[in-house]
Amino acid sequence: MPSAMKRIIILALLGICAGTSLLAQNNFVVSYSIAMPTGDLNTFIGKTSFRGIAFDYRYTVRDNIAIGFSAAMNTFYESKDRDTYTVDNISLTGKQYRYSNNIPLLATATYFLSPEEPLKPFVSLGIGTLYSRRNTDMNLYTIQLEAWNFALQPEIGVQYELSDMTAIHLSLKYMHGFQAGNELNSAQSYFSLNVGFAFF
Amino acid sequence: MVLLGACYPNGPEYVEDADVVATSYDVKYDFKSQSTFAMPDQIVVDVEIEQGDTTYEYMAPKFATVILDAIQKDMESLGWERVDIDEDPDVLLTPAAMSSTTYFYTYWYDWWYGGWYGGWGWYYPPYYTVGSYTAGTMLLVLADPSQASESPINRSQAIWVAAANGLLTGYYDISRVTDAVHQAFKQSPYLKTN
């Protein structure tokens, strides 16, 4: 995804937050995101990603129900040792550098179990798209595969109120981007642990 | 975004990290029933054709000998016997090396729009930098001379090709090339003869 688009999304999120943060029905979360690859992504890169950030905006429509949207970026990376890759009658030996950049853009619905208490557990479901870009670098070349996957993201978490304005946020998300297109043609999935702050 | 950029993963650190060895072979060819090979004593690095005359340029013997020795040793350990070209060898092994340099440049310039005087303009001169890298390729080709009679152009197709590619540095480390030669044979176990 072009960085300009990333910037627009983030500015839009910040803009909403800045304009309306005094209203209690807003819930804006910025979190650090640690991600563990599963499925096909895990076969490609086995390593946990410590490069991630997530933004979640929620607007309370009823006492304990909120709708909103979620955007994040999780970058996976692994440098493979020198190895031989064989396809049919061709073998290629070398070091591979593997990258996977994942940007989910989702609409979310959230249910807060105890919205009046300082400790607020919640469950959430996100639905939208996952942009996934996979690069395999070898020698001077890179093989790039992209997909815009239809994505579902269940999430469980908890917010602990520090003041009228802020809370500590902790959540576990499971991102599942269903198979899309014929370039990166398998489902992309990972768990992410998100630690951050919520602003009301 | 700056923060994200700052912690983006690194990638290759040494020129060796970009070294690759690629091999491919004719799946229909029966390597097992062959036993002898012939190979020149020199490695061609360039060919010049001037007014119909072909001149070959060869790699300096102090490098070529080491590489050819490595090739011979690997072939022998796969069961092949090196014979002279006039002793009717089953296959011919022809090594070649080449290099190519790619130049790239980046530049920037500024522009202005002169509201008072009108019109557009550029700030000259442009600032630019030129960089280059040189990639070297070592090629090993196996061909069966007896196949030439079956070809309308009287040439044998390659039954095995190995290409080792890496970035060249000013410092000639011949072991990078011999390592690549060993790897080429190692990843081609089908070359083994009886």
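Provided above is the structure to which this section pertains.
Residues numbered from 1 in each chain as written. Chains lettered and ligands numbered in written order. Predicted model: local features only at pLDDT ≥ 70, side-chain atom pairs only at ≥ 80, totals over all residues. Heavy atoms only, no water.

Enquirer: I keep staring at the overall build of chain B and nothing clicks. Help me out?
Expert: Summing up its helical and strand segments, chain B has 3 helices and 10 strands in all. For chain B, the sequential pattern of α-helices and β-strands runs α-β-β-β-β-α-β-β-β-β-β-β-α. Going through the 194 residues of chain B one by one, you find that 34% of them count as buried. Counting contacts in chain B only where the partners sit at least 6 residues apart, residues at least 24 apart contribute 73% of the total. Taken as a whole, chain B presents about 12800 Å² of accessible surface, with 55% of it coming from carbon and sulfur. (Helix = DSSP H or I, 4+ residues; strand = E, 2+ residues; numbered from the N terminus. Buried < 20%, exposed > 50% of the residue type's maximum accessible area, 1.4 Å probe, protein only. Contact = heavy atoms within 4.5 Å. Areas by Shrake-Rupley, 256 points an atom, 1.4 Å probe, with all protein chains shown as cover.)

Enquirer: Just checking my understanding: could you explain the nonpolar core for this structure?
Expert: Soluble globular proteins: nonpolar side chains tend toward being buried together. One finds Phe31(B), Ile71(B), Leu93(B), Leu140(B), Leu142(B), Trp160(B) and Phe185(B) to be the most contacted residues of the largest nonpolar core, which totals 31 residues. When residues of this core are traced back to their parent elements, those giving at least two are helix H2 (61–77), strand E6 (91–108), strand E9 (127–143), strand E10 (158–167) and helix H3 (174–186) of chain B. Among the elements that line this core, the one with the most residues is H2(B), at 6 residues. Not counting chain neighbours up to four residues away, the residues in contact with Ile71(B) comprise Met39(B), Leu93(B), Pro95(B), Leu140(B), Val181(B) and Phe185(B). Of all hydrophobic cores here, the second largest spans 10 residues; its members include Ala35(A), Phe44(A), Leu106(A) and Leu130(A). (Core = buried A, V, L, I, M, F, W, Y, C linked by side-chain atoms within 4.5 Å.)

Enquirer: What is the right way to read H2(B) from this model?
Expert: Counting along an α-helix, one turn takes 3.6 residues, and residues three or four places apart therefore face a common direction. All names here are of chain B. Between its first and last C-alpha, H2 extends 24 Å over 17 residues, near the 24 Å set by a 1.5 Å rise per residue. Every buried residue belonging to H2 is among Ala 64, Ile 67, Leu 68, Ala 70, Ile 71, Asp 74 and Met 75, and all of these are buried. Within H2, the buried residues cover an arc of 155° as seen down the axis, which keeps them to one side. Seen from the open side of H2, the exposed residues pointing more than 90 degrees away from its buried face are Pro 61, Lys 62, Lys 73 and Ser 77. Just beyond H2, the residue with positive phi is Gly 79, at close to 100°. (Expected span 1.5 Å × (residues − 1). Arc of directions from axis to C-beta.)

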